[in-house]
Each structure stands twice: as structure tokens, then as C-alpha cells.
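What follows is the residue order along each chain.
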Amino acid sequence: MTHTPIAGLRAPPTTYAALDGAEPLAVTDLLRAENIVKTFGPVTALNGVSLRLRRGEILGILGDNGAGKSTLMKILTGYQPQSSGKLYIDGAETALRSVDHARALGIECVYQDLALANSLSVYHNIFLNREILYPGFHILNNRAMRREAIRCLEEIGVYIPSVDAEVGALSGGQRQAIAIARAVHARARILLLDEPLAAMGAREAALIIDLILRLKAEGNMSIIMIMHNYAQTLDIADRIMLMQRGQVTYESDARSTSVPELMTIVRREYQHFQTHKESA
Amino acid sequence: MARTINSMLRWRELSVIVVAVVLAIYFQIANANFLLSNASLQNLSQFIAPVALIACGEVILMIGGEIDLSAGMVYALAPFLMYFLTRAGLPAPLAIVGALAGAAAVGAVNGMVTVLLQVPSFVTTLGMLFLLNGLTLTISGGTPVGVDASPTLAFIMGRGGYAEFVWAALVVLVMHFMLRNTRWGLHTIAAGANPVGASEAGIRTRELKMVNFVISGALAGLTGILEAFRISSIDPTAGGTHIMFLAVAAAVIGGTPLAGGSGTIAGAMIGAMVLGILNDGFTLIGINAFTFDLILGGAILVAMLCNILIGRYRRRMAVS
Ligand SMILES: Nc1ncnc2c1ncn2[C@@H]1O[C@H](COP(=O)(O)OP(=O)(O)OP(=O)(O)O)[C@@H](O)[C@H]1O
Ligand SMILES: [Mg+2]
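As annotated in an unreviewed UniProt entry, chain B carries the name ABC transporter permease and is attributed to Gluconacetobacter johannae. Under the heading Subcellular location (unreviewed entry), UniProt records this for chain B: "Cell membrane".

The name an unreviewed UniProt entry gives chain A is Sugar ABC transporter ATP-binding protein, with Gluconacetobacter johannae as the organism.

Next comes the structure, spelled out in C-alpha cells:
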């Protein structure tokens with residue numbers, strides 16, 4: 001789990017259309033997915049998706065509703081297995097067995113639904129399924145968890161009125177921050193965020209964006225972030241990936257594309273899909 | 001001052017305690033013998049104990065949005081299991097353990113059908129309710145039998161005046177502590193509040209739910225055995241839906257919502273006390289038998305409503 005970021009090695013601003021196996025594995029690839037397919041009965045949620053996450057970067061994934069973004073996340077966290085395709089973590093092919101397995105490898109996810117238990121306190125949520133226990137027993141060490149939770153929230157610069165408050169009583173931004181705190185506290189090196197800014201006002205969004213950028217600046221974390229807002233994504237991310245109907249339709253360095261360009265691509269893909277459907 | 005009020009408002013069981021105290025004061029004023037005589041206290045404790053015991057199982061299931069409708073029938077079956085095991089030559093303590101295992105096995109079946117086949121537990125345990133009733137009536141031939149055990153064992157297992165209440169108090173204490181202070185308890189509440197989220201966090205929610213059905217079954221069995229020892233007779237028509245619904249009512253009065261997501265064992269205990277106070281109080285005041293259930297039912301409704309309203313107020317205050 002201990003991991004030292006390779007200093008000075010920043011991802012070169014390249015675009016790559018396809019990941020053919022012949023391409024040598026870059027040392028900077030922390031996570032690599034190849035040709036991931038996921039079907040749910042007759043539904044094909046992912047149809048051959050490949051991605052790379054480099055050390056220290058933020059990868060933004062954009063795409064329509066139902067494009068398969070959350071499905072991809074849940075495969076990367078070991079929540080559900082892919083139907084086919086391969087995952088490489090630190091360059092080694094890895095079959096994720098469970099959420100715990102992925103967590104042990106330093107992969108943490110903040111799901112779209114946040115995975116928070118509303119009737120539990122802030123600190124119990126931060127430590128959910130990773131509780132501090134009295135040695136030898138399964139008895140919760142609430143005092144230690146409270147203390148750690150306060151420290152952790154302070155460290156990432158998030159203000160919550162009381163760690164004893166029930167999470168259900170907090171605002172959307174605070175809840176999101178708690179979910180992120182949970183992942184950060186777990187010493188994640190790969191952080192997956194599924195729509196971290198969904199249904200959030202400008203001020204709350206600013207709080208979360210600030211937090212994400214600070215985590216990146218600390219240099220221990222690589223982040224994949226699912227987003228809906230193009231402008232925000234281009235602001236925060238180093239690289240962006242566009243997903244449509246279970247496939248990656250476009251990838252680019254964030255600096256070398258723009259909102260209008262992305263809009264054009266989405267529209268073109270959509271029209272292409274429509275004509276294709278009609279002729280079929 | 002504001003701090004004490006605040007910490008009191010955080011205390012979930014506060015509202016039901018208020019309801020219980022107000023009722024106790026009312027009946028004490030209406031009938032001087034209500035609390036202060038040993039006989040009526042013992043009577044009260046014997047009403048409360050089985051309701052509280054079964055309610056412990058219902059609470060941990062209700063937190064997960066489930067329910068065990070068959071608890072009252074497990075209650076009737078378990079002492080017969082004990083009886084037949086004793087008849088087969090097992091010493092009484094082992095027969096008790098065997099009967100508890102049987103009750104737990106019923107819970108396991110309830111849990112497996114509910115979780116693995118994804119049948120609502122309302123349906124699973126409703127079926128189990130009829131099935132067990134038929135089973136108990138069949139193996140007993142419909143007639144009550146006696147309990148044979150040494151006087152000491154019988155005393156400990158319910159014959160002693162407050163024995164069953166002591167059992168209930170112990171189980172409530174242990175379960176309350178476990179729900180609040182162990183990993184199992186925290187995960188039970190988390191899985192109830194957000195099932196998908198809990199499993200995304202890596203909690204094995206299905207196994208957890210099955211375990212809780214087993215606990216519920218075992219507790220219902222224990223209750224039936226204690227009651228059999230208390231009245232020195234094993235009755236195939238004992239328990240049934242009445243005791244089960246009282247237990248569910250106790251849980252709800254105590255502050256565990258039927259919709260799940262949260263719950264409190266101590267609250268259910270006090271809920272059982274509220275039911276007991278209502279039951280004994282109206283009996284002592286001497287209400288007409290026909291209107292008794294009418295008044296009791298109305299009072300239960302009012303008690304539930306009071307608790308829900310006070311609880312809502314408490315939450316609003318705790319946030320601001
Ligand atoms: N467990 C499941 N069973 C069946 N179908 C599923 C399941 N999970 C996802 N799907 C389907 O897979 C497709 C992709 O869903 P997914 O949630 O990954 O989309 P998304 O890109 O995250 O969309 P959104 O922007 O709305 O969050 C959808 O058609 C969805 O209905
Ligand atoms: Mg999604």
C-alpha cells in the first residue's frame with residue numbers, strides 16, 4: 001500500500017486512439033483497462049472500453065446518461081466483475097475479486113449514490129466497513145474513530161459542524177465531502193469519483209472542486225472523475241474521455257480541446273448513431 | 001444548559017420514555033395499587049418480558065426493512081421441540097439447546113428464502129407462520145403437555161417470579177450494546193439505511209440479513225421456552241400472531257420505523273413497557289371486557305403517534 005509518487009514524471013500530452021497490445025506499457029500507467037465488456041443479460045452496458053490512468057493525473061469521463069460510466073467505475077472497484085477484458089494495476093494483470101480486494105490495492109470509489117448511511121453519524125460513515133475496533137473484539141472504538149474523523153476532515157480542509165451529526169441531516173456538498181474523506185482516509189492512491197458535483201449549487205461545487213484539486217496537488221493520488229458539465233471538466237481534468245453507448249468515442253488532453261469541440265463530437269456521434277439505426 | 005438539552009434531544013429513546021412515564025403516572029393516580037404492589041409489578045413484568053424478547057429480533061430485522069411474522073409460531077413450536085428431545089432421552093439443558101437450534105434453523109430458512117430468492121420477508125414469514133402452526137398442532141396432537149425439568153432449572157428458565165424478566169433484561173442489554181457498539185450492529189444499521197451503499201462499501205449485506213433472521217428465530221424460540229417453564233405447561237396454541245404483533249407494536253412505539261434504516265432495542269423494551277402499562281392499567285381500572293380492546297387499540301395508536309411526533313421534533317431540534 002505504501003507508494004511513492006515518481007517525482008517529475010508528468011504525463012506527456014498525447015492523444016491515443018487505440019490501445020493495441022503492442023504498445024509498450026508506460027511506467028506512468030497506474031491503472032489500465034483493456035477492452036472491457038460488461039453485459040447484463042441482453043443489455044450491453046460496456047462494449048470494449050479501454051482506458052489508462054497515469055500517476056498523479058485527473059482523468060475526466062464525460063458521457064450521456066446510460067453510457068456505462070457508472071458500470072465502468074463499479075468494475076474498477078471490484079464491485080462487479082467485467083464480462084470480458086483485462087485490468088492492469090501497476091502494470092500487472094489483476095482480476096479484482098471484491099471491493100475489499102480493490103481497496104487493499106489502494107482503489108477507493110465515491111459512488112454516485114455516495115454509499116452513505118443517513119441514520120449513522122459522520123464518523124461512523126467515514127469508517128464504514130473499516131472501523132477502528134478494540135483489539136481482539138469486534139467492539140467499536142468510537143472515541144478513536146471520532147478523533148480520527150475530526151483530524152481527517154481538518155486535514156482535507158472540510159468543515160462539518162459536528163462529526164456526531166447524522167449524515168442525513170447534512171447538505172449535498174457536505175455529504176459528498178464526507179464520502180471523499182472516507183476514501184482519502186483509506187490512503188487511496190486511485191480515487192474514483194462518480195459525478196461528484198451532481199445536483200450541487202455553485203458554492204458547494206466550488207468546495208468539492210477545491211478539495212479535488214488539493215488532493216491532486218499533494219501528489220499521492222490519481223483520480224478518475226465522472227462528470228456531466230463539460231466546462232467544469234476541462235477546468236479540473238488533465239485528460240478527458242468521452243463515452244457513448246458503452247464505448248469510448250473520443251479522448252483528448254484537456255488543454256487541447258474545448259467545449260464547442262466536444263459538443264460537435266457528441267452531436268456528430270449522435271447523428272451517426274441515428275442514421276445507422278434508421279438504415280438498420 | 002443548551003448543551004444538556006441538546007444531548008437529551010440526541011437521545012433517541014427520550015420520546016418513548018416520556019410516553020411511558022406519563023402513562024405510569026396516570027394509572028398510578030387512577031389506581032393506587034398499580035405500581036406499588038408486588039403482585040401487580042410481577043404481573044406487569046410477565047407481560048413485558050416475552051414482548052420485549054421477541055421485539056429484539058423484530059427490531060434488528062425491521063432496521064433492514066424486514067419483518068418476522070412467524071415469530072409467534074416459533075414461540076409455540078420451540079417448547080415442543082424441547083419436549084420431544086427430552087422424551088427421546090436428552091437431558092433437559094441439552095433439550096433446551098436443541099430446541100433453540102431448531103428455532104434458529106427456522107430463522108435460517110426464513111433468511112435464506114428471503115435473501116437468496118429475493119422474496120419479501122412479509123411473504124416468506126407469512127407462509128412460515130401457517131406452516132409452523134400446522135406443524136406444531138400436528139406433532140402435539142393439539143393437546144398441551146407438561147414440562148419436566150429439575151426445580152432449579154425450571155426456576156431459572158422462567159418458573160421464578162421475575163426469572164423471565166431477568167432473561168429479557170439481559171437479552172435487551174446485550175442486544176442494545178451489540179447494536180450500538182459492535183461492527184455487526186453498525187453494519188446492520190448501515191445496510192438498512194442504504195443497502196446498495198453498504199454493499200458498495202464492501203459490507204456483506206446478504207449474509208448479515210440471514211444472520212439476523214437466525215437471531216430473530218432463536219429469540220422467539222427462547223421466549224416460547226421461558227413461557228412454557230413459567231406456566232409449567234406447553235400449549236400448542238400459545239404465542240401465535242398476538243404476541244408477534246405486540247412485539248412489532250413495541251418496536252414501533254419504541255422508535256423503530258417499519259420502513260427500516262434505524263432502530264433501537266432499548267426503545268423496543270420501553271415500548272413493551274408502554275404496552276404492559278396500558279394492558280395492566282386498564283385491567284386494574286376495571287374496564288368492560290368488550291371495550292377493553294377498543295380502548296387498548298386506541299391507546300396504542302396514540303402512543304405510536306406521540307412517539308413519532310416527539311421523535312420528529314427531536315430530530316428537527318438536533319439539526320438546528
Ligand atoms: N445491475 C444492472 N442490471 C441491468 N442493467 C444495468 C445494471 N447496471 C447498469 N445497467 C445498464 O447499463 C447501462 C449503463 O448504465 P450506467 O449506470 O453505467 O450508466 P451511466 O453512464 O453511469 O449513466 P448516468 O449518467 O445516468 O449515471 C444502462 O443501460 C443501465 O440500464
Ligand atoms: Mg452513473
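Peer 1: How would you summarise the overall build of chain A if you had to cite specific residues and measurements?
Peer 2: Across its full length, chain A carries eight helices and 10 strands. In chain A, buried positions account for 53% of the 280 residues. Nonlocal contacts in chain A, meaning residues at least 24 apart in sequence, comprise 67% of its contacts between residues at least 6 apart. Accessible surface for chain A amounts to roughly 12,700 Å². Of this, 54% is attributable to carbon and sulfur atoms.

Peer 1: Residue-level account of the site of ligand 1, with values.
Peer 2: All names here are of chain A. Residues in contact with ligand 1 amount to 13 residues; listed here are only the nearest, G66, G68, K69, S70 and T71. Take G66: an N or O atom from its main chain is 2.8 Å from an oxygen atom of ligand 1. At 2.5 Å, a side-chain N or O of T71 approaches an oxygen atom of ligand 1. Here ligand 1 loses 61% of its free accessible area of 630 Å² to cover by the protein chains.

Peer 1: So what's going on with the interface of chain B and chain A? Residues and values would help.
Peer 2: Across the contact, 22 residues belong to chain B and 25 residues belong to chain A. Summed over both partners, the interface of chain B with chain A buries about 2,100 Å², with 56% contributed by carbon and sulfur atoms. When residues of chain B are sorted by the area they lose upon contact with chain A, R183, L186 and E200 of chain B head the list and together hold 35% of the total. Counting every contact that joins chain B to chain A gives two salt bridges. The residue E200 of chain B makes a salt bridge to K74 of chain A at a minimum N-O spacing of 3.7 Å.

Peer 1: Lay out the coordination of the magnesium ion (ligand 2) with the relevant residues and their values.
Peer 2: Residues and elements named next belong to chain A. Coordination of the magnesium ion (ligand 2) by the protein is provided by S70 (OG) and Q112 (OE1), with metal-donor distances spanning 1.9 to 2.3 Å. Note that S70 is positioned in helix 1 (residues 69–76) and Q112 in the loop between strand 6 (107–110) and helix 3 (122–126), a separation of 42 residues in sequence. Given a relative accessible area of 41%, Q112 falls into the partly exposed group.

Peer 1: Help me get a handle on the domain arrangement of chain A, residues and values and all.
Peer 2: All names here are of chain A. Taken as a whole, chain A is organised into domain 1 (1–106 + 189–280) and domain 2 (116–188). Residue-level contacts link 19 residues of domain 1 with 19 residues of domain 2. For the domain 1 and domain 2 pair, buried surface summed over both sides reaches about 1,400 Å², with 60% attributable to carbon and sulfur atoms. When residues of domain 1 are sorted by the area they lose upon contact with domain 2, R103, E204 and L211 head the list and together hold 33% of the total. Taken together, the connections running from domain 1 to domain 2 amount to zero salt bridges.

Criteria and thresholds
- Residues numbered from 1 in each chain as written.
- Chains lettered and ligands numbered in written order.
- Predicted model: local features only at pLDDT ≥ 70, side-chain atom pairs only at ≥ 80, totals over all residues.
- Heavy atoms only, no water.
- UniProt positions renumbered as here; feature names shortened; annotations may be inferred.
- Helix = DSSP H or I, 4+ residues; strand = E, 2+ residues; numbered from the N terminus.
- Buried < 20%, exposed > 50% of the residue type's maximum accessible area, 1.4 Å probe, protein only.
- Contact = heavy atoms within 4.5 Å.
- Areas by Shrake-Rupley, 256 points an atom, 1.4 Å probe, with all protein chains shown as cover.
- Near = heavy atom within 4 Å.
- Polar contact = N/O pair within 3.5 Å; in protein donor to acceptor, adjacent residues only side chain to side chain.
- Buried area = accessible area lost by both parts, 1.4 Å probe.
- Salt bridge = Lys/Arg side-chain N within 4 Å of Asp/Glu carboxyl O.
- Donors = N, O, S within 2.8 Å, 3.2 Å for Na, K, Ca; no water.
- Domains from an automatic or database assignment.

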